[in-house]
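Structural description and commentary
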Amino acid sequence: MQRGDAVTTFFVLLANEWLIFKNTYFRTRRRTLLTLGLLLLALGAMTGITLGAVGVLRAAFAAFGGMVEIVLPLVLNGLFLWLMMAAFSSGVQVVLPRFYRSPDLNLLISLPVSAQALFAARFLFTMLYIPRAQLFLILPILIAAGIVAEAQIAFYALVLPVFFLVCAVPAALSIALIIALVRWFSPKRIMIAGGILGMLSWLFFFVLWGGEGDGLIRILTLLEAAPLWLLRLFPPGMAAESSTAAALGDFAGMILPTAKLLALGAIITVGSLFLIQRLYHRGFARLQEIAPRKKQTAAKPVLAISPKRRIPFLGRWSNLVVVQWQQGLRNHEAALTALLFLLMLIGYVITMALFELPLGPLGSDLILFGHIGVIVFLSNTAVGIFLFPASITTVEANPRIIKERYWLHKVAPLSGHALFWSEWLANFLPSVILGIIALAALNIAVGNGLWISLVSLLVLGALTVGTHALDHGSTPYVLNMDLQKRETVFSLMLFIIFYLLVLGPLTIGQGGYALLEPLRFMGYLPQWALYAATTAFSMVVVILTIYLSAKLGVNHWEKMEM
Amino acid sequence: MTNPILQLKNVTKRFGSLTAVDDLSLTVFPGEVFGFLGPNGAGKTTTIKMCTGLLRPNSGMVRLGTHDIVQEPLLAKRLLGYVPDNPFLYDQLTGREFVRFVARLYDLDGGSSSSVVEKRIQEMFEQFEMPEKADELIKSYSFGMRRKVAIAAALIHNSQIVFLDEPTSGLDPKSARWVKDLFRKLAGEGVAILMTTHIMEIAERICDRIGIIHQGKLVALGTLAELREEAGRSDSTLEDIFLQITGELDSETLDLLDAKR
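In what follows, the accompanying structure is described. (Residues numbered from 1 in each chain as written. Chains lettered and ligands numbered in written order. Predicted model: local features only at pLDDT ≥ 70, side-chain atom pairs only at ≥ 80, totals over all residues. Heavy atoms only, no water.)

**Comments concerning the overall build of chain B**
Tallying secondary structure elements over chain B gives 11 helices and 10 strands in all. Of all 261 residues assigned to chain B, the portion counted as buried reaches 57%. Expressed as a percentage of contacts within chain B between residues at least 6 apart in sequence, the contacts between residues at least 24 apart total 67%. Taken as a whole, chain B presents about 10,700 Å² of accessible surface, with 47% of it coming from carbon and sulfur. (Helix = DSSP H or I, 4+ residues; strand = E, 2+ residues; numbered from the N terminus. Buried < 20%, exposed > 50% of the residue type's maximum accessible area, 1.4 Å probe, protein only. Contact = heavy atoms within 4.5 Å. Areas by Shrake-Rupley, 256 points an atom, 1.4 Å probe, with all protein chains shown as cover.)

Laid out in structure tokens, this is it:
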């Protein structure tokens, strides 16, 4: 293969990736509008994160006497360090699906195209793909740091390139690491390691932003104690030095650290690209060999369910529930991923129990409700992954499975109601049990009283009931409207609105009495009435959500075409 | 005269500006093996999907037995079995568990005792020559075994009509032969079979009647003898007739065929 051919192939592959992206999001006018609408929503959420972070960062700046020259580099060091960790763990999690399990690889590798070009194109796109979540979450906080420090315009101009440069280093390293590890370790073990890294990254996040920046202040204190020259040897230190200089208008001071960061990013990216190419091809060949061997070992009779044994509850609803559970227990990949979320849940409870967070402006209830939100999210995700009837890598390889799995239900004489409630029941029961255990443990650990513990369990139950109804109600809608690619954003928005509508009034009712006191008329309202009114409002929201979700889900199930 | 088990009347299905099925009318009777042929993209799968309730027609009527699939989907679906071209099966279930699951979806447990259902499942796996595989996970099955399990699931509830999309594609000669024999046997028992295929030899050998769809329209319908008569070529193969009707046979070949006559 001529070098010129390889370069041409590389650009053909890049063009193809671009075409896929364009067709996915901008093929028709309707899709373009939808994409732009979701982008606007995302921008709105990013603005919200920025505003929230401004409040926390002000407290952190104040804790250091408001000295921007001292506190800004520390804050930026902490943020870029977090960005590195997050990008690394995200990289570890996406390499296997993108480099080894992607459905187009068998085709591409069988074609007479340059293997180097193929690898380089995939490498480049993965590098760009890795920081997508961090762009949404960490970039707004970096901007918030600039706002609090009253940074010069150069800071905002520099922050995005620096963001990508900081991400490039861990992204390239994570790709190299996983490709090297595939030679010795099974993909399953690597996935677990990736999940644990992800969990650590989130724990770091909770520690950093828990309370009113209490964790952040602790991290800043630790960073303050570290020698500056040592910090500047690493990408976060270089990025912090460069961004601080830009924020303070020291343009000469930003050139050297930016150049160092650029050089480091380039060396690590290009170095990784060339060093791991051969390893990649060997690893790919090895995984191809593993697959048939695994199939042979799987061909043992399954003894767990005897053909003669009757499944405990009969009827079609229980049939659907039992089958979902049977599959979940046997789908080792899904079970392990669900286990990781379970570990995250346990990790969260332990961390929150150890770090006694100071009370927020609305009192401890706000923090407790925040805990409930996180617990519901983690337990629901664990259960959702566990019960999905295909492995995650299969879904990543063929997202159409999300819809295709319903062909049998659709052909069978099964009503939309039966399907909706059976799916809801199968997911709700384990989620609520997990959530109750986690929340009860947290309540006991932080010494919450009986009354607030009972209220919190009630809130958890209501949130779990509602989120599962929303999830199963919106799925047929999402599938009918062909929104799979945007499902995450769509569902996230729905859940956020639901959480706000349920938790908002409860928070005001439980802890916001003092907050509302300045509004004179509230002073005449007895506390019990406020409790009752806000609780009733939240419960009505939950019941309405269930009703409307069932209606939407069943309606779209009946309309669904495949 | 026997009542038809499947009736399509002036059925049309559009996807945006594309008319996939255009004013199609068709009738299938119990005990009949009906071959539904057509070039790629002609509308075969779309028609089957409308018959099984996976797609809704824009206009026209699809009736299974006495039930309209749009108006009375649950009653209509009780009569049918469907085997897609490449069905999504639950890899983490065994073949037996999958068929049992489907049996319960059709509420067979409600009507007959569990042991009757279990016996029927066992008989099916024996009939399908895979009793020793019944308790292995589907993910370990070969393509042919997956196809057999899908067929078993389509037949478990004593369906009166079975729709099969390319039932023999990807099967080895032995499995393909087995499938063909099964269809004839089922037809002998009064079950109607509607199958699509690209293999003319199969349609020629096992189908009682053949429908050819082209660009969404039914362009030919009848027994092989009737199609030959219609094409004016009494000794032609189905392949020749198919290519002639769908306009994919060039004039040179047509001349050769005429000369042969």
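**Looking at the sheet that holds strand 8 (residues 192–196) of chain B**
All names here are of chain B. The strand order across the open sheet built from 6 strands is 6-7-8-3-9-10, with neighbouring strands paired in mixed fashion. Each end of this open sheet is capped by a strand with a single partner; those strands are strand 6 (80–83) and strand 10 (217–222). On average, each strand axis in the sheet is tilted by 15° relative to the strand beside it, whichever way the strands run. Strands in contact with helix 10 (residues 238–245) are strand 3 (33–37), strand 9 (209–214) and strand 10; relative to strand 9, the strand with the most contacts, it is inclined by about 30°. (Pairing = 2+ DSSP bridges. Axes fitted to C-alpha atoms, helices over the stretch in contact; angles between N-to-C directions.)

**A closer look at the sheet that holds strand 2 (residues 18–28) of chain B**
Sheet strands line up and pair through hydrogen bonds in the backbone, either parallel or antiparallel. Residues and elements named next belong to chain B. One open sheet accounts for 4 strands, arranged 2-1-4-5; its pairing is antiparallel. The open sheet is flanked by strand 2 and strand 5 (67–68), the only strands paired with a single partner. The sheet contact formed by strand 1 (residues 6–15) and strand 2 spans 7 bridges and is antiparallel. Following the sheet pairing, Leu8 is matched in strand 2 by Leu26.

**Brief notes about the interface of chain A and chain B**
Listed per partner, the contact involves 39 residues of chain A and 38 residues of chain B. The three residues of chain A that bury the most area against chain B are A:Trp407, A:Val411 and A:Pro413, which together make up 19% of that side's buried surface. Our count for the contact surface shared by chain A and chain B stands at 2 salt bridges. A salt bridge links B:Glu97 to A:Arg330, with the nearest nitrogen and oxygen atoms 2.5 Å apart. For the side of chain A that touches chain B, the secondary-structure elements that each account for two or more residues are helix 13 (277–298), helix 14 (316–330), helix 18 (401–404), helix 19 (407–411) and helix 24 (527–559) of chain A. Of the residues forming the side of chain A that touches chain B, the biggest block, 7 residues, is contributed by helix 14 of chain A. Here the residues of the side of chain A that touches chain B sort into 21 nonpolar, 7 polar and 11 charged. (Buried area = accessible area lost by both parts, 1.4 Å probe. Salt bridge = Lys/Arg side-chain N within 4 Å of Asp/Glu carboxyl O. Nonpolar A, V, L, I, M, F, W, Y, C, P; charged D, E, K, R; others polar.)

**Some thoughts on the packing of aromatic side chains**
Inspection of the entire model under this criterion finds 16 aromatic pairs over all chains. With centroids separated by 5.4 Å and ring planes inclined at 80°, the aromatic side chains of A:Trp421 and A:Trp424 adopt a geometry described as edge-to-face. In this pair, A:Trp421 and A:Trp424 are both assigned in helix 20 (residues 416–446), 3 residues apart and thus about one turn of the helix distant. Taking the relative accessible area as the measure of exposure, A:Trp421 reaches 25% and is therefore partly exposed. Judged by its relative accessible area of 13%, A:Trp424 is buried. Ring geometry for B:Phe128 versus B:Trp178: centroids 4.7 Å apart, planes at 75°, classification edge-to-face. Highlighted residues: B:Phe128 in the loop between helix 5 (114–127) and helix 6 (143–155) and B:Trp178 in helix 7 (residues 173–188), separated in sequence by 50 residues. Each member of the pair, B:Phe128 as well as B:Trp178, carries the same accessibility label: buried. What links up through ring pairs into an aromatic cluster is the set A:Phe420, A:Trp421, A:Trp424 and A:Phe428. Positioned over the ring face of A:Tyr129 is A:Arg132, at 4.1 Å from the centre of the ring. Cation over ring: A:Lys410 sits above A:Trp557, and NZ or CZ is 4.9 Å from the ring centre. (Phe/Tyr/Trp six-rings, centres within 6.5 Å; stacked < 30°, edge-to-face > 60°. Lys NZ or Arg CZ within 6 Å of the ring centre and 35° of its normal.)

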